[in-house]
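Okay, here's what each chain looks like letter by letter:
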Amino acid sequence: MSNNNIFIKTTLAAAIAMAATASADACTNFVAGKAATVDGSTMVTYAADSHTLYGFLQHLPAADHPEGAMREVREWDTNKHLGYIPEARHTYSVIGNMNEHQLTIAESTWGGRPELVDTTGIIDYGSLIYIALQRCKTAREAIATMTQLVEEYGYYSSGESFSIADPDEVWIMDLIGKGSDEKGAVWVAVRIPDDCIAGHANNPRIHRFPLNDKENCLYSADVISYARKKGYFSGKDEEFDFALAYSIQDFSALRGCDARVWAFFNHWISGMDSYLPYINGKKGAEVMPLYVKPERKLSVRDMQAMMRDHFEGTPFDMTVDAGATEWWGVPYRYRPMDFEVDGVTYSQERATATQQTGFVFVSQMRSWLPDAVGGVHWFGVDDANTAVFVPMYCSMTRVPRSYDVATADLYTLNWESSFWVNNWVANQAYNRYSLMLGDICAVRDSLEAGYEKAQPELEKRVMEKYKQSPAEAVEMLTDYSCLTADQATARYKQLGEYLFVKFLDGNVKKVQDGKFLRNKDGMPEMPDFPGYTPDYYRSVVRSSGDRLKVVQPEK
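Remember, it's a predicted structure, so these values are computed and weren't measured experimentally.

1. Some thoughts on a nonpolar patch on the surface
Where nonpolar side chains cluster on the molecular surface, the patch consists of Phe-339, Val-341, Val-344 and Tyr-346 and spans about 320 Å² of accessible area. With respect to the secondary-structure elements, Tyr-346 resides in strand E18 (residues 344–347). Judged by relative accessible area, Tyr-346 falls into the partly exposed class, the value being 41%.

2. As for the environment of Gly-235
Take Gly-235: it is sitting in the loop between helix H4 (223–230) and helix H5 (242–246). Spatially, the C-alpha atoms of Gly-235 and Val-474 are 55 Å apart, while their sequence positions differ by 239 residues.

3. A look at the pairing of E18
Where strand E17 (residues 338–341) lies against E18, 4 bridges are found, and the strand directions are antiparallel. Note on E18: the bridge partner recorded for Val-341 is Val-344. Adjacent in sequence and paired antiparallel, E17 and E18 are bridged by 2 residues, among which Asp-342 carries a positive phi angle near 50°.

4. Describing the pairing of strand E11 (residues 159–165)
Of all the 7 residues making up E11, 7 are buried; the element is thus mostly covered by neighbouring parts of the structure. The side-chain alternation of E11 yields two buried faces, one formed by Gly-159, Ser-161, Ser-163 and Ala-165 and the other by Glu-160, Phe-162 and Ile-164. Judged from the 7 bridges that link them, strand E10 (residues 104–111) and E11 form a sheet pairing that is antiparallel. From the neighbouring strand, Ser-108 faces E11, where its bridge partner is Ser-161. Pairing between E11 and strand E12 (residues 170–177): 6 bridges, direction antiparallel. What sits directly across from Glu-160, in E12, is Leu-175. What sits between the antiparallel neighbours E11 and E12 is a turn of 4 residues.

5. Digging into the packing of helix H11 (residues 418–429) against helix H12 (residues 433–468)
Where H11 meets H12, the closest approach of the two axes is 8 Å, and the angle between their N-to-C directions is 145°. Taken together, the residues of H12 that come into contact with H11 (itself represented by Val-425, Gln-428 and Ala-429) are Tyr-433, Met-436 and Ile-440. When the residues that make up the contact of H11 with H12 are grouped by side-chain class, the tally is 5 nonpolar, 1 polar and no charged.

6. Section: the confidence of the model for the protein
Averaged over all residues, the pLDDT of the protein equals 94, while 95% of them reach at least 70. In this model residues 1–24 is a low-confidence stretch, pLDDT under 50, and it forms 69 contacts with partners more than four residues away in sequence or in other chains.

7. A few points about the environment of Leu-458
By the secondary structure assignment, Leu-458 is in helix H12. Residues contacting Leu-458, with those up to four places away along its chain left out, are Tyr-393, Leu-477 and Tyr-480.

8. Brief notes about unusual backbone geometry
A cis geometry characterises the amide bond from Arg-335 onward to Pro-336, with omega recorded as 10°. Position of Pro-336 among the secondary structure elements: in the loop between helix H9 (322–325) and E17. One non-glycine residue, Phe-311, lies in the positive phi region at around 70°. As for its position among the elements, Phe-311 is in the loop between helix H8 (300–306) and H9. Using a relative accessible area of 0% as the deciding quantity, one classes Phe-311 as buried.

Cut-offs used in this document
- Residues numbered from 1 in each chain as written.
- Predicted model: local features only at pLDDT ≥ 70, side-chain atom pairs only at ≥ 80, totals over all residues.
- Heavy atoms only, no water.
- Patch = residues over 30% accessible without salt bridge, like charges linked within 9 Å, V, L, I, M, F, W, Y side chains within 5 Å.
- Areas by Shrake-Rupley, 256 points an atom, 1.4 Å probe, with all protein chains shown as cover.
- Salt bridge = Lys/Arg side-chain N within 4 Å of Asp/Glu carboxyl O.
- Helix = DSSP H or I, 4+ residues; strand = E, 2+ residues; numbered from the N terminus.
- Buried < 20%, exposed > 50% of the residue type's maximum accessible area, 1.4 Å probe, protein only.
- Pairing = 2+ DSSP bridges.
- Axes fitted to C-alpha atoms, helices over the stretch in contact; angles between N-to-C directions.
- Contact = heavy atoms within 4.5 Å.
- Nonpolar A, V, L, I, M, F, W, Y, C, P; charged D, E, K, R; others polar.
- pLDDT = per-residue confidence, 0-100.

Structure follows, in structure tokens:
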């Protein structure tokens, strides 16, 4: 058989085929430079939001490939076959969205001008991510590889933002294709200063950028000239705004997308109210910056908390309108986002934490440790607010059964699957949020605090072993991550059972010291009857008039 007939189908492994129906068009990324974090690590967060995504932990083992081997490319969202490209002779191991060299890549889709989608392209945004993770060691290498791939093979997807980070540098890249008439893409990548934080959430975040700072800003040679040719821009080069030229900056993009980044910044610096006119779409308002310097440094736990945000305490707070107050403060809104009342169209808020998340992570990359130990992929499944972030080390050689794609899928419930167990817990809470959240947070926070406390001692022991045998050290980390994930899943199954019993039939059973109370004769104590919220009762009265009014009979 000739080399040309050798096809190594590394289609993001069989696991990716199972997730291929994911529509990652509602995702959130936050990033932090190494001087903006308490421990000097770089960090990237990601929520993969989709209504058809089964959340699991991807594992692409390192591999050597024969000369002439080809790689099949399938679109991440649909599993559609797009074509073949030459495979690299060696590909790196990948756990989730982090590879063995601590390189992390995440994304959010923003669509952009529809005529710029190249339906003949071979490379989609998901392929860009995972091919780069399998072939690159650093963020700069990844940017070069990703842009070369779309230049050579065409870009199949719509506009996309990427977070690309290694232990030393954090970059954000905005990229969009050139339509079916011209192969390639236009793009710009900006390095986030070490002492700053940034984010993107389904809207391109790069507006104006420096044209003569190759150390901190990279861009395609025709990023401006192509916009001129297409009639998207006609000003001076130094006035060029990537986001305005290539995307649609409407209400959906600003309130539905950039508001999430605004809320992230608002936690860490004062004065963000000055950008509310921009978020609310006021013409001529000052554009929110790509990055800001936080007033205090962030930890892994802080980044996890940011992924759980529902705009609490801001003008967009999802816990204070009727959608929440009539249903125990629930900060979730079911789709569709837009609705019409009396001929007027309205839109629900879209916060960072959302019910349709498939998986979520916080990647922690540390330059002072060997890659095998330094890269921690704090990983969870389903809604970030109720998920548990469990430490998955980037050197792992297998994944936990509870995170394995083979354990279940979106149509197959399995109680050993963390995705299904977490969904069971979360979906119970969506109907009685404030009643259940305390019980959920107690378990969630206890688990995460335990992982945080155990990390220094674990890594001390691993480093001692690493000096003698790196392979044995990696096995220690693999065992720890797998055991921890499966134990967390089992603990959440117990939590789900507890919630189901405690809140059965709309009642709340009495509990003392973690046990359901019984009377002196061994029978269950009478439960509490929380009923509904005051706002709910008011809405019932408004809609029913006096029909339900209690009237005493005349004597």
